[in-house]
Amino acid sequence: MTDSKTTTTPKTPKDKGLSSNEAARLLQQYGPNALEEKKVSPIKKLLGYFWGPIPWMIEVAAVLSATVRHWPDFFIIVALLIFNAGVGFWQEYTAGNAVEALKKELAQKARVLRDGAWKVIDAAGLVPGDILRIRLGDVVPADAMIVEGDYLSVDQSALTGESLPVTKKQNEEIFSGTIVKQGEVVAEVTATGKNTRFGKTAGLVEQAKTVSHFQKAVLTIGDYLIYVSLFLVTILVLVQLHRHQPWIDLIQFALILTVASIPVAMPAVLSMTMAVGAMLLSKKKAIVTRLESIEEMASMDILCSDKTGTLTQNKLTLGDIAVFAAKDEQEVLLMAALASREENRDAIDEAVFLGLQDKNLLQAFTQTKFVPFDPVHKRTEATVQDKDGTIFVVTKGAPQVIMEMAKLNETDQKRAAKVVDDFAAEGYRALGVGMKKKDDQAWTFLGILSLFDPPREDSAETISRAKKYGVNIKMVTGDNLSIARQIAGKLNLGTNILKSDILPVSGQQKNISADIGEAVEQAEGFAEVFPEHKFSIVKILQAQGHITGMTGDGVNDAPALKQADVGIAVSGATDAARAAADLVLTSPGLSVIITAIEEARRIFERMNAYAIYRISETIRIMFFVVLAMIFFNFYPITAIMIILLAFFNDIPIMTIAYDHTGLEQKPVRWDMHQVISVATAMGIVGVLGSFGMLLIAIDWLHLDVTQVQTYVFLKMAVAGHLVLFVARSKEHFWKRPWPAPIMIWSAIVTKIAATLLAAYGFGFITPITWPEIALIWAYSIGSAIVTDLVKVRVYHHLQDNKLRHHTFVKKLSRSLSPKRFSRRKAMNR
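Calculation notes
- Residues numbered from 1 in each chain as written.
- Predicted model: local features only at pLDDT ≥ 70, side-chain atom pairs only at ≥ 80, totals over all residues.
- Heavy atoms only, no water.
- Pairing = 2+ DSSP bridges.
- Helix = DSSP H or I, 4+ residues; strand = E, 2+ residues; numbered from the N terminus.
- Phe/Tyr/Trp six-rings, centres within 6.5 Å; stacked < 30°, edge-to-face > 60°.
- Buried < 20%, exposed > 50% of the residue type's maximum accessible area, 1.4 Å probe, protein only.
- Lys NZ or Arg CZ within 6 Å of the ring centre and 35° of its normal.
- Polar contact = N/O pair within 3.5 Å; in protein donor to acceptor, adjacent residues only side chain to side chain.
- Contact = heavy atoms within 4.5 Å.
- Axes fitted to C-alpha atoms, helices over the stretch in contact; angles between N-to-C directions.
- Expected span 1.5 Å × (residues − 1).
- Salt bridge = Lys/Arg side-chain N within 4 Å of Asp/Glu carboxyl O.
- pLDDT = per-residue confidence, 0-100.

Caption draft 1: Expanded view of the pairing of strand β4 (residues 143-148). Across five bridges, β4 lies against strand β8 (residues 179-191) in antiparallel orientation. Residue pairing in the sheet places Ile146 in a bridge with Ala187 of β8. Where β4 lies against strand β7 (residues 173-174), two bridges are found, and the strand directions are antiparallel. Bridge pairing links Ala144 to Ile174 in β7.

Laid out in structure tokens, this is it:
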């Protein structure tokens, strides 16, 4: 393939760009503008499930069965091995497809000139020779040469390691993957895909995969269960060898028992539950970019939200115009329009153009240079030439900035400040307009436009819902204090709004006083905020112990979005903000975030239920089997039965990803003490119940050993699923929300299969009578009710202890507070 850089000649934006046919031909020649992903073949992935510690144990057990010619055992063990591999592969494949679908929804876009018109297309469709428009906040989609525009300030740190932005001018090259910090240019694509500078070095770059707190906790539980299982199995093996049991049968049984006790399905359950939740969120216009961030979303207790476009409609309406040096209101609007670009479809620019009574006036002027708005300078600027050849410069932006540039006299300064304050008191944003001749230094202050951005209809209700869920919303805006208070009041957020001047900026966050920390924590919003202040707000709130979410849309918001526990890129966000965020919204407003919080908490509850079930089941099976063998000196259950139990239990546990769960009204965090306490209590009840059942079978029904084993098998199969239904809720299992239909039906089908197997044996196990089966079912249901009562009692006991501790800490913190000490000192004086 020829290097794309040598195949094109620079064009000017006056051209019509490439035709669709020409672009299609070049796409065929150079391939899509995307990096080639190294994908492992499905066959290789599937074979990977037969390699590792757990598969090895099952494989050794199969070999031992074949050695002693226990062929039924051998075939069922091999079936278990294939079943585990198949389930794991299917879950990973499904989760992987979900992530791929989410990536497609987040595909990078590019503004390209095709067939004489500007279009927005997927960046993957770019080809060498395409003409692009690139501006503030964009991630450059391909290597390109600047052909029009003064300059572009780009962050190349991801590519070159340079910490400061680099300025690129006309006829200089910009590289794929770099982030535009300032400026706007037109550029011609010179290389795409693997031929770009980024594509050639991408092999050296690996993105680290992070593990969430919740995954760490669940994996810790997995390790704990493995150690407990291995300890108990070691004791069992030593005791049975001392009793001179056949070592091949013993080792085979020990391996199978260990496999059954270790949470083999845990990674599959985790990934499937996260992926199902992420797909559901994507249908509700919220795309999760990092599955593990769902846990942080469930724990989030503060959300810092942008005002414009999130709490408000971002549909600006032109209000009154205060005229200063201009002839009339229309001249102020005309100059503001000349300092805009209509094709950029900016909300402020659109309001300005709509206010112009005669758009034909614009045809008498030619814009020769345009400097777009950026968050630092807070204004746009354009160099304009009229039909007589006179060149002048116009600007529009924050009134304080334009006023300072124009160096107003005291009278005009006071009047302008009053106009801005009056507009703000009514909730209007103010926009200053100025102009000067090209060679002049002095600016003329023409006037002030007022713009109103009304609150979204659903914002007040959404904020109320968030408060009910224990999420405190803080408004963040670049508008002045008066506007911020006016909008916050309308939304029932409160009027304790802080100005950004109390916030530290980059590099000053280390030494933050307790007073500032408390002020930020108590504030209901922040006004006159620059992007670097957002980062400080997040750091301060995290230092106060809060799980913090932050919304953003601009390139300078990216550091704050990355720092936040949950970074949220709002609808219409720049590519840079979307790349830094954990959650990308594709519809405006806050209501989508509340939906995401609800779903995240449901996912958390499912994982919590799974952890409790898994621990209690291991305790129930391992302790019962090992203790029964030590005290009664016979196998209470055979190896083949343990394998069948694994079949019957693994299928329903997979459906927990679809379960209906309760919705916690407060942010949820991992409570290991609670999980282990509840699971241990349930496990102990299960062990006692199993021994009760064993004694009934031996002493009352007088069953022989093989019948006792079937008896124990059916009891464990039935009771195991009932434990799952008990574990899924903090309340009694018969209360709402009831389990999902798929969960109920999977349990019914597998339980019927286990019951029929116990009744007829089918050559695998010794059958028992239907009255004995009925007794097992009745006993298991009774045992589940007892387990449920114990579970609820333990939860209530832990909750009472937590409340007592919280009350004690609250009283202690009040008694030790600086304010109380200062009052005591004053009284002593």
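Caption draft 2: Structural detail: the packing of aromatic side chains. By the definition in use, this model includes nine aromatic pairs. Plain terms: the ring middles of Phe624 and Phe691 are 5.1 Å apart, the flat faces sit at 75 degrees to each other, and that makes the pair edge-to-face. Separated by 67 residues along the polypeptide, Phe624 in helix α22 (residues 591-632) and Phe691 in helix α24 (residues 672-700) bring together distant segments of the chain. The exposure classification of Phe624 matches that of Phe691, with both residues buried. Among the aromatic residues, those joined into a ring-pair cluster are Tyr760, Phe762 and Trp770. Taking the ring centre of Phe324 as reference, the NZ or CZ of Arg415 above it sits at 4.0 Å.

Caption draft 3: Spatial organisation of the side chain of Lys791. Mapped onto the elements of the fold, Lys791 is located in helix α27 (residues 770-815). Of note is the side chain of Lys791, whose polar atom sits 3.0 Å from the side chain of Asp788. Apart from residues no more than four positions distant in its own chain, Lys791 is found in contact with Val678, Met682, Val726, Ser729, Lys730, Glu731, His732 and Phe733.

Caption draft 4: Representation of the sheet that holds strand β9 (residues 286-288) in the model. Strand order across the open sheet formed by eight strands is β9-β22-β21-β20-β10-β17-β19-β18, with mixed pairing between neighbours. On the outer flanks of this sheet lie β9 and β18 (497-499), each paired with one strand and no other. Each strand of the sheet is rotated relative to its neighbour by a mean of 20 degrees, with strand direction disregarded. By the bridge criterion, three bridges tie β18 to strand β19 (residues 525-527) in an arrangement that is parallel. When the sheet's bridge partners are listed, Lys499 is paired in β19 with Ala527. Most of the contacts of helix α17 (residues 481-490) go to β18, to which it runs at about 165 degrees, and overall it touches β17 (472-476), β18 and β19.

Caption draft 5: Summary view of helix α13 (residues 347-355). Along α13, seven of the nine residues are buried, which leaves the element largely enclosed by surrounding structure. Every buried residue belonging to α13 is among Ala347, Ile348, Asp349, Ala351, Val352, Phe353 and Gly355, and all of these are buried. The inward-facing, buried residues of α13 contact β11 (317-323), α12 (329-338), β14 (391-397), β15 (428-437) and β16 (444-452).

Caption draft 6: Spatial organisation of helix α23 (residues 639-654). Given a rise of 1.5 Å per residue, 16 residues ought to cover 22 Å, and the 23 Å separating the end C-alpha atoms of α23 matches this to within 8%. Across the 16 residues of α23, 15 count as buried, placing the element largely inside the fold.

Caption draft 7: Spatial organisation of the pattern of salt bridges. Evaluated as defined, the whole model comprises 20 salt bridges. In this structure, Arg111 engages Asp138 in a salt bridge whose closest nitrogen and oxygen atoms are separated by 2.3 Å. You can see Arg111 sitting in strand β1 (residues 109-114) and its partner Asp138 sitting in the loop between β3 (131-135) and β4, a full 27 residues away along the chain. Residue class for Arg111 comes out partly exposed when judged on its relative accessible area of 21%. For Asp130, the salt bridge is made with Arg114, and the minimal N-O distance between the two is 2.7 Å.

Caption draft 8: Expanded view of the confidence of the model for the chain. Mean pLDDT over the chain: 82, with 84% of residues reaching 70 or higher. Low pLDDT, under 50, characterises residues 202-210; the predicted model gives this stretch four contacts beyond four residues in sequence or across chains.

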